[in-house]
Amino acid sequence: MKNLLLTLGLILTFLITANAQRNYDTAIGARLGYPISLSLKRYISDAGAIEANLGFRGNVSYNWIVVSGAYLHHKSFNIDELPSLNWYYGGGASVYFWSYDTDFLRSQYGSTTIGLQGYLGVEYTFSEAPINITLDWVPTIFVNGFTSGFGGRYGSLGIRYVLGRN
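The shown structure was predicted, so the numbers you read here are calculated from the model rather than taken from an experiment. (Residues numbered from 1 in each chain as written. Predicted model: local features only at pLDDT ≥ 70, side-chain atom pairs only at ≥ 80, totals over all residues. Heavy atoms only, no water.)

## Some remarks on the overall build of the protein
Logical step 1: Within the protein, the secondary structure is distributed over one helix and 10 strands.
Logical step 2: In the protein, the succession of helices and strands from N to C terminus is α-β-β-β-β-β-β-β-β-β-β.
Logical step 3: Counting across all 166 residues of the protein, residues that qualify as buried make up 36%.
Logical step 4: Put simply, 52% of the contacts in the protein that link residues at least 6 apart link residues at least 24 apart. (Helix = DSSP H or I, 4+ residues; strand = E, 2+ residues; numbered from the N terminus. Buried < 20%, exposed > 50% of the residue type's maximum accessible area, 1.4 Å probe, protein only. Contact = heavy atoms within 4.5 Å.)

In structure tokens:
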């Protein structure tokens, strides 16, 4: 048991200290998930990036638009065959603009909700094509408004076009 814990500790230390292999500066595209969003990601350091999103989600009784921004810190998996495969974590904030109506009251209501977001994901940038893909989970704590509390079903598959390579 001690050997297992020591081995896991060494692997975790290796992963935490590994540097990300950033090979682009800016990428723009879409996050296909909950919600569907337009996305812009820009690296501000070797491991740090900011991401801005504009998303939409809705159905017959409600819809919402969300504006969000986050800081993401990237780490490499250190796989020689996949040097552009990184994982990332970070945090951000969002503002949700809700619009909903009920046939029962025959009226329409709106509200605004603030969200605090965490990010955990993986990213890969193709060397042969200017394409970047991500897969992440974005748990959100809603502070007020139409909904409040914890939302664990947010995240997406992101597909972006790389604008500038290193």
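From this point on, the discussion continues.
## Here we look at the pattern of salt bridges
Logical step 1: Scanning the model with the defined rule gives four salt bridges in all.
Logical step 2: Between Glu 123 and Lys 41 there is a salt bridge, with the nearest N and O atoms lying 2.7 Å from each other. Within this pair, whereas Glu 123 is found in strand S6 (residues 107-125), its partner Lys 41 is found in strand S2 (residues 36-43), the two being separated by 82 residues in sequence. Across this residue pair, the class does not change: Glu 123 and Lys 41 are buried.
Logical step 3: Put simply, Arg 31, Glu 51, Asp 136 and Arg 160 are held in one network by salt bridges that share partners. (Salt bridge = Lys/Arg side-chain N within 4 Å of Asp/Glu carboxyl O.)

## Section: the environment of Ser 45
Logical step 1: On the secondary structure map, Ser 45 appears in the loop between S2 and strand S3 (48-58).
Logical step 2: Classification of Ser 45 by relative accessible area gives partly exposed; the value is 35%.
Logical step 3: Polar side-chain contacts of Ser 45 include one of 2.9 Å to the backbone nitrogen of Gly 48. (Polar contact = N/O pair within 3.5 Å; in protein donor to acceptor, adjacent residues only side chain to side chain.)

## Focus on the pairing of S3
Logical step 1: Of the strand pairs in this sheet, S2 and S3 are connected by eight bridges, and their pairing is antiparallel. If you follow Ser 37 over to S3, its bridge partner there is Gly 55.
Logical step 2: Linkage of S2 to S3, two consecutive antiparallel strands, is achieved through a turn of four residues.
Logical step 3: Note that S3 and strand S4 (residues 62-76) share 11 bridges and pair antiparallel. What sits directly across from Ile 50, in S4, is Tyr 71. (Pairing = 2+ DSSP bridges.)

## Digging into the packing of aromatic side chains
Logical step 1: Counted by the stated rule, this structure contains 11 aromatic pairs.
Logical step 2: Among the aromatic residues, those joined into a ring-pair cluster are Tyr 34, Trp 64, Tyr 96, Trp 98, Phe 142 and Tyr 154.
Logical step 3: Positioned above the aromatic ring of Tyr 88 is the side chain of Lys 41, whose terminal nitrogen or guanidinium carbon lies 4.7 Å from the ring centre. (Phe/Tyr/Trp six-rings, centres within 6.5 Å; stacked < 30°, edge-to-face > 60°. Lys NZ or Arg CZ within 6 Å of the ring centre and 35° of its normal.)

## Some words on the confidence of the model for the protein
Logical step 1: Across the protein, the average pLDDT comes to 83, with 80% of residues at 70 or higher.
Logical step 2: Segment residues 12-18 is flagged for pLDDT under 50; beyond a separation of four residues in sequence, or across chains, it makes nine contacts in the model. (pLDDT = per-residue confidence, 0-100.)

## Concerning the nonpolar core
Logical step 1: Grouped together as the largest cluster of nonpolar side chains are 12 residues: Tyr 34, Trp 64, Val 66, Ala 70, Leu 72, Tyr 88, Tyr 96, Trp 98, Tyr 119, Val 138, Phe 142 and Tyr 154.
Logical step 2: Going through the elements one at a time, S4 and strand S5 (85-102) are the ones with two or more residues in this core.
Logical step 3: Looking at this core element by element, the count peaks at four residues for S4.
Logical step 4: For Tyr 154, the residues in contact, after removing those within four places along its chain, are Tyr 34, Pro 35, Trp 64, Trp 137, Val 138, Pro 139, Thr 140 and Phe 142.
Logical step 5: Membership of the second largest hydrophobic core comes to five residues, among which are Tyr 24, Tyr 43, Ala 49 and Val 162. (Core = buried A, V, L, I, M, F, W, Y, C linked by side-chain atoms within 4.5 Å.)

## Overview of the environment of Lys 75
Logical step 1: Take Lys 75: it is sitting in strand S4.
Logical step 2: Its relative accessible area of 12% is what places Lys 75 among the buried residues.
Logical step 3: The spatial distance from the C-alpha of Lys 75 to the C-alpha of Glu 123 is 9.8 Å, given a sequence separation of 48 residues.

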